[in-house]
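Examination of the molecular architecture
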2 protein chains.
Amino acid sequence: MVHEKHQIVESVPNYSEGTDDTTVDRIVSEIENTKKTKIVDVQYDSDYNRAVITFVGTPKGVFQANKAAALKAIELIDMNTHQGQHPRIGAVDVVPFVPAKNITIKECNELAIKFGEFMAEQKVPVYLYEKSAKIQKRNDIDNIRIGDYEGLKKTIESNPEHAPDLGPSRFHPTAGATITGARDPLISFNINLGTTNVKIAKNVAKTIHLRSGGLVNIKAMGTELEGRDCVQVGISNINYKKTPLYRQMELVRIEAAKYGVPIVGTELIGILPLEAVLNSFDYYLQLESPKKLKEEHLLEHYFDF
Amino acid sequence: MVHEKHQIVESVPNYSEGTDDTTVDRIVSEIENTKKTKIVDVQYDSDYNRAVITFVGTPKGVFQANKAAALKAIELIDMNTHQGQHPRIGAVDVVPFVPAKNITIKECNELAIKFGEFMAEQKVPVYLYEKSAKIQKRNDIDNIRIGDYEGLKKTIESNPEHAPDLGPSRFHPTAGATITGARDPLISFNINLGTTNVKIAKNVAKTIHLRSGGLVNIKAMGTELEGRDCVQVGISNINYKKTPLYRQMELVRIEAAKYGVPIVGTELIGILPLEAVLNSFDYYLQLESPKKLKEEHLLEHYFDF
């Protein structure tokens, strides 16, 4: 784990195709065939009709891979016939640049803007979100996807509030529009509650959500879990450094206890930084502060020969 | 963290010199100057008059480094004038070979035997301990160090039960004898209790110790902590896979609660495998079993470009 020299960026591009394996494979191949990148995870399903690719690489590698994959998605996906449950505004729907190692959010922002300019050259209007937002409201992706593909396509020209940050003021004929930006690493850590009453999951989700008196870096929603005797609080944590996983866990435990309902299990989706693990290990095992666990205390840190 | 090809061994040799910086430095240098090894930690003090060097490397690197450092220690240390609080039987007192990555305990055992044969050639009698023990009692190092340096020096020739496994049946004139063997990784995880009553620490230590009804892989002792308002349960865990750190932690919590005493902090000494962290993270964050956290779920796993 001694890799001090290299800068590593994570990216999690979302494409509006989750039904046709061949199309997804061809987009994935573009990333796979770009040097200095590694694919971590590919997920797609036909309900959402959306593919989410998680990959990491050098800043140059991630930038090149996102360009190549975007060109392929523009070529293959026609938004005029696209249907799916997940909100979306274009073929290359969202392309985040996330700092992973030895790189700042500012440098990721520069990559996102360069990528946005590239998309603009392809005649795709671009909205900058999260840390790259030029309009404050666009910090939050939900404020960009107002009206979904079909709605925004109509209002982008007429409503000045819907004007893109880069590129033409009209949708690309087949690829629609694109959202890009730098954002902090996001951890999806979902907590299952021992009840079949989805209202309890929804109530607990609300109590920990940033918009309703909860934790500042947490978005949460309650859902049913198909074929299981429990419900889930689905949680996105956008700053594990300030709001560590253990705090999210223990607050859910406390709020669920109000209903006499225990935590029966949890799941982590995708990848997470080692630091997020060490933070919670430190908390539960009560390590004293000058001896907090760091990467250097792990045997694996010394494995490079 | 993708290092599948390489075999890595950990070694933690103990030398009977903790007072003279120059001597310790010269022994450390022998390891430092051996290729394919990295020193993790060097600790020595004059109370124990003992130096403990933690290092890792390829099997060949670790073997060569231990040979070179042993020759230097034989050259520089004279046990006839050695005094110290820690039990010891020789200049090169204990040399464990510990599997760290892609290597079995059997392969570490072969290294230990080869190292023992090398010491025997230097006319140092050798006792094989832990997983390398040929005599079952010698699993436990305490059964080898009976009588300490001064005692064993006298009985090694007269008492057949004290005969060495390798080498001459009499002590080396200045270097005494040596203990070597393969052992599992050991984790020192000490737990501080919120009381100044050292009896409570001793009682709690006893309840979790393998010899008195506690956990099979745990040795523990209660001690005072100089200059602090708490006492410590010092704990060695020789199998974190079967007896994970969280079990050790929670059992101490339960036993201390008998006295109304809380855990006020903990410390980890030396290095530990990432797996030991992930095990406890899984427990406290209740990850469901098919989704237990593995190295591949950590961002750092993808950092090699």
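Since the model is a prediction, treat every value here as computed from it, not as a measurement.

Turning to helix α2 (residues 59-76) of chain B, a few remarks are in order. Its 18 residues place the ends of α2 of chain B 26 Å apart at the C-alpha level, agreeing with the 26 Å of an ideal helix rising 1.5 Å per residue. Of the positions making up α2 of chain B, those classed as buried are Pro-59, Gly-61, Val-62, Phe-63, Ala-65, Asn-66, Ala-69, Ala-70, Lys-72, Ala-73 and Ile-74 of chain B.

Attention shifts here to the relation of the copies chain A and chain B. Between chain A and chain B, the superposition needs a rotation of 180° and an axial shift of 0.0 Å, giving an RMSD of 0.1 Å. As the rotation angle and translation indicate, the two copies are arranged about a two-fold axis. When the interface residues of chain A are mapped onto chain B, 100% of them again fall at the interface, so both copies present the same face.

Looking now at the pairing of strand β3 (residues 37-45) of chain B. All names here are of chain B. Across eight bridges, the pairing between β3 and strand β4 (residues 50-57) is antiparallel. Within the sheet, the bridge partner assigned to Gln-43 lies in β4 and is Val-52. Hairpin remark: β3 followed by β4, antiparallel, with four residues in the connecting loop; positive phi at Asn-49, about 50°.

In this complex, chain A contributes 42 residues to the contact, which on the side of chain B involves 42 residues. Those elements that provide at least two residues to the side of chain A that touches chain B are β1 (8-11), β3 (37-45), β4 (50-57), β5 (92-101), α6 (245-257), β11 (263-269) and α7 (274-284) of chain A. Take the side of chain A that touches chain B: its biggest share by element is six residues, from α7 of chain A. Among the residues forming the side of chain A that touches chain B, the class breakdown is 25 nonpolar, nine polar and eight charged.

With that settled, the discussion passes to the sheet that holds strand β11 (residues 263-269) of chain B. All names here are of chain B. Taken in spatial order, the four strands make up an open sheet running β9-β10-β8-β11, and their pairing is antiparallel. With partners counted over all chains shown, the strands left at the sheet margins are β9 (218-224) and β11, one partner each. Each strand axis lies, on average, 20° off the axis of its neighbour in the sheet, ignoring direction. Against the sheet, helix α5 (residues 198-208) touches β8 (187-193), β9 and β10 (231-237), its axis set at about 180° to β9.

This part takes up the domain arrangement of chain A. Taken domain by domain, chain A holds domain 1 (8-182) and domain 2 (187-297). On a C-alpha basis, the centres of domain 1 of chain A and domain 2 of chain A stand 28 Å from each other.

All names here are of chain A. An order of β9-β10-β8-β11 is seen for the four strands of this open sheet, with the pairing classed as antiparallel. What marks the edges here is a single partner per strand, and that holds for β9 (218-224) and β11. Geometrically, the sheet is characterised by an average inter-axis angle of 20° between neighbouring strands, direction not taken into account. Two strands pair when backbone bridges link them, and strand β8 (residues 187-193) and strand β10 (residues 231-237) are joined in this way by five bridges, in the antiparallel orientation. In the strand pairing of β10, Asn-192 is matched with Gln-232. Where α6 meets the sheet, its contacts fall on β8, β9, β10 and β11, and the angle it forms with β8 comes to roughly 25°.

Cut-off values and rules
Every residue gets a number counted from 1 within its own chain, in the order that chain's sequence is written. Ligands are numbered from 1 and chains lettered from A, in the order in which they are written. In keeping with the predicted nature of the model, local features appear solely for residues at pLDDT of at least 70, side-chain atom pairs appear and are counted solely at 80 or more, and the whole-chain, interface and lining totals rest on all residues. Each helix is a run of H or I in the DSSP string that is no shorter than four residues. Each strand is a run of E no shorter than two, and both are numbered from the N terminus. Helix span is expected to be 1.5 Å times the residue number reduced by one. Residue burial is a threshold on neighbouring C-beta atoms within 10 Å of the residue's own C-beta, all placed from the backbone, with 20 or more meaning buried, 12 or fewer meaning exposed, and counts in between meaning partly exposed. C-alpha atoms of residues with pLDDT of at least 70 in both copies form the basis for the least-squares superposition of the copies. By definition, residue pairs are in contact when their C-beta atoms, positioned from the backbone, come within 7 Å. Note on pairing: two strands pair once DSSP finds at least 2 bridges between them. Just so you know the grouping, Ala, Val, Leu, Ile, Met, Phe, Trp, Tyr, Cys and Pro go in nonpolar, Asp, Glu, Lys and Arg go in charged, and all remaining residues, Gly too, go in polar. All axes here are fitted lines through C-alpha atoms, helices being fitted over the stretch that makes contact, and every angle between N-to-C directions spans 0 to 180 degrees. Reported domain spans reflect what an automatic or database domain assignment gives.

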